[in-house]
Amino acid sequence: MSKKKEFNFASFYSKYGIFFLFVIMFILMSIISENFLSGVNITNIARQIVVITILACGEQLMLIAGLIDLSVGSVLALSGCVAASVVVNTGNAPLAVMIGLIIGLICGIVNGGILVAFDIPPFITTLATMMIARGAVYVFTDGVPISQLGDAFCWVGQGYIGPIPTPVVIMVIALAITWVILNQTRTGRYIYAVGGNQDAANASGVNISYVKFFASAFSGLMAGLAGVILMARMNSGQPIAGESYEMDAITAVVVGGTSMAGGVGNIPGTIVGSCIIGIIKNFMNLQNINSYWQQIVQGIIVCVAVIIDVKVRKANSKA
């Protein structure tokens, strides 16, 4: 007789747990709040998760590679404000968008260059560039918001492509590109290899420096894109924008199943993680819960997600 295979909860949770959690939360929130399922509110949730999800695309590559990027919120603000300034001074919306993306990419390249050249821990590197970028945006704007960005630029954050909001379409494209990088390219395989075991990847001939540089540059590019969308949505270049957004992005990625230890993560999980963070924040706003308590809840979510990740990894290693 063939031996019946035992149910492995750790393996099941690592594959499907986050999706079940999302469904349960969605149902409960729909029951508790009568406004939660309204068309207007669902559209608001979709718009609200766009910026965090795009930041999470870059953050996911960093975490899978065993790195972290704390600078994305500040890079978002710098890229968005520079783009806002360009469109106000030139009236050229496509040029402003391109400049915003380039600023984000340059910041990511700086992060990657420092990581590769000096082998400084990514936490310290991106903490430093976070402060530099935040200071730079205040110097650039003199702390004053940049207003009247024009309809063409604001279409990026407020417009529609058919019935679908423009930023949602952009988010889907960013997610698709990230998925292709991780699942259909050699670079993606290298990212997983470096995050899983850097020494083994190095022994196998993987270019560790290239992986770190690429992940950092991509994270910066995504931050630049998120900055353009956020400023366009607000019709204003806000130097204070993006504060604590790096924690929202990290939370979404970790809740979605990407391991802080590296080597594990996927795009569907990150999408669900972003949705979970989005609906939790939206639900707390609908229930008029104080923003201070919202930060406490988010901190608890991160802590629980990391604990579960550690337990699941240990259980899978024993199986």
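My aim in this report is to walk through the structure given alongside it, one point at a time. (Residues numbered from 1 in each chain as written. Predicted model: local features only at pLDDT ≥ 70, side-chain atom pairs only at ≥ 80, totals over all residues. Heavy atoms only, no water.)

A word on helix α3 (residues 72–90)
No. 1: The terminal C-alpha atoms of α3 lie 26 Å apart, and with 19 residues this matches the ideal 27 Å at 1.5 Å per residue to within 8%.
No. 2: The element α3 is extensively covered by neighbouring structure, given that 16 of its 19 residues are classed as buried.
No. 3: Backbone geometry just after α3 places Gly91 at a positive phi near 75°. (Helix = DSSP H or I, 4+ residues; strand = E, 2+ residues; numbered from the N terminus. Expected span 1.5 Å × (residues − 1). Buried < 20%, exposed > 50% of the residue type's maximum accessible area, 1.4 Å probe, protein only.)

Side note on the nonpolar core
No. 1: Of all hydrophobic cores here, the largest spans 84 residues; its most connected members are Ile54, Leu55, Phe153 and Ile229.
No. 2: Not counting residues up to four positions away in its chain, the partners in contact with Leu55 are Val72, Leu76, Met222, Ala223, Ala226, Tyr245 and Ala249. (Core = buried A, V, L, I, M, F, W, Y, C linked by side-chain atoms within 4.5 Å. Contact = heavy atoms within 4.5 Å.)

So, the packing of helix α8 (residues 186–196) against helix α10 (residues 208–234)
No. 1: Packing of α8 against α10 leaves a shortest axis separation of 10 Å and a crossing angle of 105°. The orientation of α8 relative to α10 falls into the category roughly perpendicular. Contacts from Thr187, Tyr190, Ile191 and Val194 of α8 reach α10 at Ile208, Tyr210, Val211 and Phe214.
No. 2: Looking at the contact of α8 with α10 residue by residue, the class counts come to seven nonpolar, one polar and no charged. (Axes fitted to C-alpha atoms, helices over the stretch in contact; angles between N-to-C directions. Parallel < 35°, antiparallel > 145°, perpendicular 65-115°, else oblique. Nonpolar A, V, L, I, M, F, W, Y, C, P; charged D, E, K, R; others polar.)

Overview of helix α2 (residues 39–64)
No. 1: Look at α2: 35 Å from first C-alpha to last across 26 residues, which is about the 38 Å you get at 1.5 Å a residue.
No. 2: The principal kink in α2, of about 35°, is found at Val50.
No. 3: The buried fraction of α2 is high, at 19 of 26 residues.
No. 4: Residue Gly66 follows α2 closely and has a positive phi angle near 85°. (Bend = angle between axes of the 7 residues up to and from the residue.)

Comments concerning the pattern of salt bridges
No. 1: Counted according to the given criterion, the structure contains two salt bridges.
No. 2: In this structure, Lys212 engages Asp119 in a salt bridge whose closest nitrogen and oxygen atoms are separated by 3.9 Å. Note that Lys212 is positioned in helix α10 and Asp119 in the loop between α4 (93–118) and α5 (122–141), a separation of 93 residues in sequence.
No. 3: In this structure, Asp248 and Lys281 form a salt bridge, with 2.9 Å as the shortest nitrogen-oxygen distance. Of this pair, Asp248 sits in helix α11 (residues 245–255) while Lys281 sits in helix α12 (residues 267–286); the two residues are 33 residues apart in sequence, bridging distant segments of the chain.
No. 4: Relative accessible area serves as the criterion here: at 5%, Asp248 is assigned to the buried category.
No. 5: Lys281 gets classed as partly exposed once you look at its relative accessible area, which sits at 27%. (Salt bridge = Lys/Arg side-chain N within 4 Å of Asp/Glu carboxyl O.)

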